[in-house]
Amino acid sequence: MKVQAHPITGTIGAEVTGVDLAAPISAGLGADLRALLSRHLVLVFRDQHIDLAAQKCLTSVFGTPMHLPYIEPMEEDPEVIRVLKEADDRSGVFGGDWHSDLSFIPEPPAGSVLNAIDLPPYGGDTLFANQAAAWEALSPGLRDLLDGRDAVHVGKPHGVKWAPAPESRSRGAVRMVRGDPEADRERFHPAVLTDPETGRKSLYLNPVYVTRLDGMTEAESRPLLDKLKEHATRPEVSMRLRWTAGTVAVWDNYATLHFAVNDYAGFRREMWRTTFRTRAFAAWRATA
Ligand SMILES: [Fe+2]
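What follows concerns the overall build of the chain. Each helix and strand counted, the chain has 6 helices and 16 strands in total. Taken against the 2.2 N^0.38 rule, which gives 19 Å for 288 residues, the C-alpha radius of gyration of the chain at 18 Å falls within 12% of a compact globule. Projected onto its principal axes, the C-alpha coordinates of the chain cover approximately 50 × 45 × 30 Å. Counting every position in the chain, which comprises 288 residues, the buried fraction comes to 51%. Considering only residue pairs separated by 6 or more positions, the chain has 81% of its internal contacts joining residues 24 or more positions apart. Accessible area for the chain stands at about 12,600 Å²; split by element, carbon and sulfur atoms hold 53% of it. Counting 33 positive and 38 negative side-chain charges, the chain places the averaged centre of each group 2 Å from the other.

Pasting the structure below:
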């Protein structure tokens, strides 16, 4: 089989054909998949129906599978999260605003693999936005303001100071750790990351965890962060992934934002998520 990538939009995402993820992944294929992820930022594999072992093998192609803080894993495997929303769950959804996963920890994950297990008949799509394209489309003035400046990230949903109201919390089977004062700690990451291999820069801001820009107050930062969110999630830099049975997707967590659409009330949705880290975050932080 010949591996081929079919772009989903003009800026982000590719459907990859010619790959059977249930079969062993050779070193050559692994290198090809890493190159495709670096280029397209979101890879989608259809009709795979893989088990947990195969999902973990795929995850290992991109980095080291990791146990996530602040989210309770699947009982069977501490490196897997069951992203589950039951049909009778009327609360919010896990990941229901634009974000980069766990950007408030010292070394945020490099990416994740999501495996569709049980899907609603419609809805439950995931949106992704290319933050390299967002950076490249910014005005020179805003680029000057952001390049070399840190943003302050706080684990708001998990801490005390910014804890969400109980009625707005998502529940279901995704059990999140809350009320941990450690999550209130301000963590400084560059507002712009640089891919150490390609030199491509990406905006690294998200409305779920970023409270302000370094050197500015929250009140001063808010209008600018709101404007940047709007800019960074425009249709021109975004894609919408429609899940189908057996779909597996991989995304780059440094150069994209994502958003889980909560529009399938009355239906069950179950995905298995694995997340990987690499040693590269320090290099991504080191701006040129
Ligand atoms: Fe997420």
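Among the 11 residues in helix H2 (residues 52–62), 8 count as buried, and that is most of the element. What H2 keeps buried is the set Leu52, Ala54, Gln55, Lys56, Leu58, Thr59, Val61 and Phe62. Next to the buried residues of H2 lie helix H1 (27–40), strand E4 (64–65), strand E5 (80–85), strand E6 (111–118), strand E14 (248–252) and strand E16 (269–277). Where H2 starts, the residue carrying a side-chain oxygen 3.3 Å from the main-chain nitrogen of alanine 53 turns out to be aspartate 51.

Their axes nearest at 9 Å, the elements H1 and H2 cross at an angle of 70 degrees. Considering the angle they form, H1 stands roughly perpendicular to H2. The two elements H1 and H2 meet at a crossing, and its hand is right-handed. On the side of H1, the interface is formed by Gly30, Leu33, Arg34 and Leu37, while H2 contributes Leu58, Val61 and Phe62. Of the residues contributing to the contact of H1 with H2, the split by class is 5 nonpolar, 1 polar and 1 charged.

Two side chains with opposite charge may pair up if their charged atoms get near one another. Counted according to the given criterion, the structure contains 20 salt bridges. Across the pair lysine 56 and aspartate 77 runs a salt bridge whose closest N-O atoms are separated by 2.9 Å. Pair noted here: lysine 56 is in helix H2 and aspartate 77 is in the loop between E4 and E5, with a separation of 21 residues, a long-range link. The same class applies to lysine 56 as to aspartate 77, namely buried.

Turning our eyes to something else, we now look at the packing of aromatic side chains. One pass over the structure, following the stated rule, counts 9 aromatic pairs. Centroid distance phenylalanine 104 to tyrosine 209: 4.8 Å. Interplanar angle 55 degrees. Geometry classified as tilted. Separated by 105 residues along the polypeptide, phenylalanine 104 in the loop between E5 and E6 and tyrosine 209 in the loop between strand E11 (201–203) and strand E12 (210–213) bring together distant segments of the chain. Directly above the aromatic system of tyrosine 264 lies the positively charged group of lysine 85, at a separation of 4.6 Å from the ring centroid.

Quick look at the nonpolar core now. Formed by 53 residues in total, the largest nonpolar core has its most connected members in Leu33, Phe45, Leu58, Phe62 and Val250. Dropping the residues within four chain positions of it, valine 250 is found in contact with Leu37, Leu41, Val42, Leu43, Phe45, Leu58, Phe62, Ser112, Val113 and Phe276. By size, the runner-up hydrophobic cluster in this structure holds 16 residues, among which are Leu146, Leu205, Val210 and Ala232.

Turning our attention to the coordination of the iron ion. Six octahedral donors around a metal ideally make angles of 90 or 180 degrees; four tetrahedral donors ideally make 109.5 degrees. Within the protein, the atoms that donate to the iron ion are His99 (NE2), Asp101 (OD) and His258 (NE2), at distances of 2.1 to 2.2 Å. Mapping the donors of the iron ion onto the primary sequence yields the spacing H-x1-D-x156-H. Accessibility classification places histidine 99 together with aspartate 101 in one group, the buried group.

So, about helix H5 (residues 218–232). Given a rise of 1.5 Å per residue, 15 residues ought to cover 21 Å, and the 19 Å separating the end C-alpha atoms of H5 matches this to within 8%. Listed in full, the buried residues belonging to H5 are Ser221, Leu224, Leu225, Leu228, His231 and Ala232. Buried residues along H5 sit in contact with strand E7 (126–130), helix H3 (131–136), helix H4 (140–146), E11 and E12.

Analysis parameters
- Residues numbered from 1 in each chain as written.
- Predicted model: local features only at pLDDT ≥ 70, side-chain atom pairs only at ≥ 80, totals over all residues.
- Heavy atoms only, no water.
- Helix = DSSP H or I, 4+ residues; strand = E, 2+ residues; numbered from the N terminus.
- Rg over C-alpha atoms; globule rule 2.2 N^0.38 Å.
- Buried < 20%, exposed > 50% of the residue type's maximum accessible area, 1.4 Å probe, protein only.
- Contact = heavy atoms within 4.5 Å.
- Areas by Shrake-Rupley, 256 points an atom, 1.4 Å probe, with all protein chains shown as cover.
- Lys, Arg positive; Asp, Glu negative; His and termini not counted.
- Charge placed at Lys NZ, Arg CZ, Asp CG, Glu CD.
- Polar contact = N/O pair within 3.5 Å; in protein donor to acceptor, adjacent residues only side chain to side chain.
- Axes fitted to C-alpha atoms, helices over the stretch in contact; angles between N-to-C directions.
- Parallel < 35°, antiparallel > 145°, perpendicular 65-115°, else oblique.
- Left-handed = near helix turned anticlockwise from the far one by under 90°.
- Nonpolar A, V, L, I, M, F, W, Y, C, P; charged D, E, K, R; others polar.
- Salt bridge = Lys/Arg side-chain N within 4 Å of Asp/Glu carboxyl O.
- Phe/Tyr/Trp six-rings, centres within 6.5 Å; stacked < 30°, edge-to-face > 60°.
- Lys NZ or Arg CZ within 6 Å of the ring centre and 35° of its normal.
- Core = buried A, V, L, I, M, F, W, Y, C linked by side-chain atoms within 4.5 Å.
- Donors = N, O, S within 2.8 Å, 3.2 Å for Na, K, Ca; no water.
- Expected span 1.5 Å × (residues − 1).

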